[in-house]
Amino acid sequence: MLPVLYSFRRCPYAIRARYTIAYLNVPVNLREVVLKAKPEALLSLGGRSSVPQLVDMDGARYPESMDIILWALSKSNNRIKVNSVWPSDACQRNKMSAWIRYNDVFFKKWLDRYKYADRYTEFSESYYFAQCEVFLRRLNRRLGLRSYLMGEKLSVADISVFPFVRQFAAVNQKRFDESEYDNVKKWLSLFLDSALFNNVVMKKYPMWTSEQENVVFPAR
Ligand SMILES: N[C@@H](CCC(=O)N[C@@H](CS)C(=O)NCC(=O)O)C(=O)O
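It should be emphasised that the depicted structure is a prediction, and the values quoted were computed from it without experimental measurement.

Glancing now at the nonpolar core. In a soluble, globular protein the nonpolar side chains are often hidden away together inside. Membership of the largest hydrophobic core comes to 60 residues, with the highest contact counts inside it found for F107, F135, L139, V165, F168, V184 and W187. Here this core gathers at least three residues from each of two domains, domain 1 (4–82 + 199–217) and domain 2 (87–197). The contacts of F168, once residues within four sequence positions are left out, are F107, L111, Y114, F129, C132, L136 and F176. With nine residues, the next largest nonpolar core counts V4, A14, V33 and L42 among its residues.

For the rest of this paragraph, the subject is unusual backbone geometry. In the segment running from V51 into P52, the intervening peptide bond is cis, with an omega of 5°. With an omega of -5°, the peptide bond running from F217 to P218 counts as cis. Unusually for a residue other than glycine, N25 sits at a positive phi of about 55°. Among the structural elements, N25 can be located in the loop between α1 (12–24) and β2 (28–32).

To continue, consider the domain arrangement of the protein. Taken domain by domain, the protein consists of domain 1 (4–82 + 199–217) and domain 2 (87–197). With 17 residues of domain 1 in contact, the opposing surface of domain 2 contributes 18 residues. Between domain 1 and domain 2, roughly 1,600 Å² of surface is buried when both sides are summed, and carbon and sulfur atoms account for 68% of that area. Among the residues of domain 1 in contact with domain 2, P12, R16 and Y19 are the three that bury the most area, contributing 39% of the side total. Measuring nitrogen to oxygen at the nearest pair gives 2.8 Å for the salt bridge that ties D104 to R16. Inspection of the domain 1/domain 2 interface yields seven residue pairs in polar contact (both at pLDDT 80 or more). Of all the secondary structure elements, the ones that give two or more residues to the side of domain 1 that touches domain 2 are α1, α3 (65–75) and α10 (195–201). Looking at the side of domain 1 that touches domain 2, its residues break down into 13 nonpolar, two polar and two charged.

Our focus in this paragraph is the pattern of salt bridges. Evaluated as defined, the whole model comprises seven salt bridges. Here K108 and D112 are joined by a salt bridge, their closest N and O atoms 2.7 Å apart. Note that K108 and D112 are positioned in helix α5 (residues 90–115) at a spacing of four residues, about one turn of the helix.

What counts, and where the lines are drawn
- Residues numbered from 1 in each chain as written.
- Predicted model: local features only at pLDDT ≥ 70, side-chain atom pairs only at ≥ 80, totals over all residues.
- Heavy atoms only, no water.
- Core = buried A, V, L, I, M, F, W, Y, C linked by side-chain atoms within 4.5 Å.
- Buried < 20%, exposed > 50% of the residue type's maximum accessible area, 1.4 Å probe, protein only.
- Domains from an automatic or database assignment.
- Contact = heavy atoms within 4.5 Å.
- Helix = DSSP H or I, 4+ residues; strand = E, 2+ residues; numbered from the N terminus.
- Buried area = accessible area lost by both parts, 1.4 Å probe.
- Salt bridge = Lys/Arg side-chain N within 4 Å of Asp/Glu carboxyl O.
- Polar contact = N/O pair within 3.5 Å; in protein donor to acceptor, adjacent residues only side chain to side chain.
- Nonpolar A, V, L, I, M, F, W, Y, C, P; charged D, E, K, R; others polar.

This is how it looks when you write it as structure tokens:
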């Protein structure tokens, strides 16, 4: 028996949860969800049925990606890696949380509008792109001074933010590739070109059904 992770491959929230779980090697049973056909097992938990969600072996439920990340940090046996990506220093943690909040509240809002500009007709796609650039500029400045958001080492802040920047880039890859945000591009490629990301985090799984064998993630 392992904790159950409901996930959706392309969801940036699910990507950051899976990345942390894979990086820290905390095994779970992965249930790949199709948002238009959520499984009864997820719906019957009650309340919100967004993904990712984790249900631990004791029945404790973690309904938000950041809850799952904190859960994985608490469960990992690799304390060196845990202390490296999530140092105990309160000031460092506050800075990481501030980046994550800035991403989740500000950037995500404009990213949705940029991605679905045809639905948000109040302003143009270029307007939404320009709003996203406020975050991109700040990220680019920060990454000009260091390889990762908190310094020379990967942190929970990078893991939590990069899936959203990936999504932003993919809206119009050419525009992103031709943009001035070279430090962001370099940082993003540290993730996107990695074996961990391509072979483990983004590995494709069929939609989960209750008849299916358990899928252990990260794959052994
Ligand atoms: N705040 C949540 C957001 C998760 C979220 O919005 N997931 C989307 C997929 S990317 C989803 O499940 N949408 C369908 C729904 O909310 O029912 C988290 O951090 O986990």
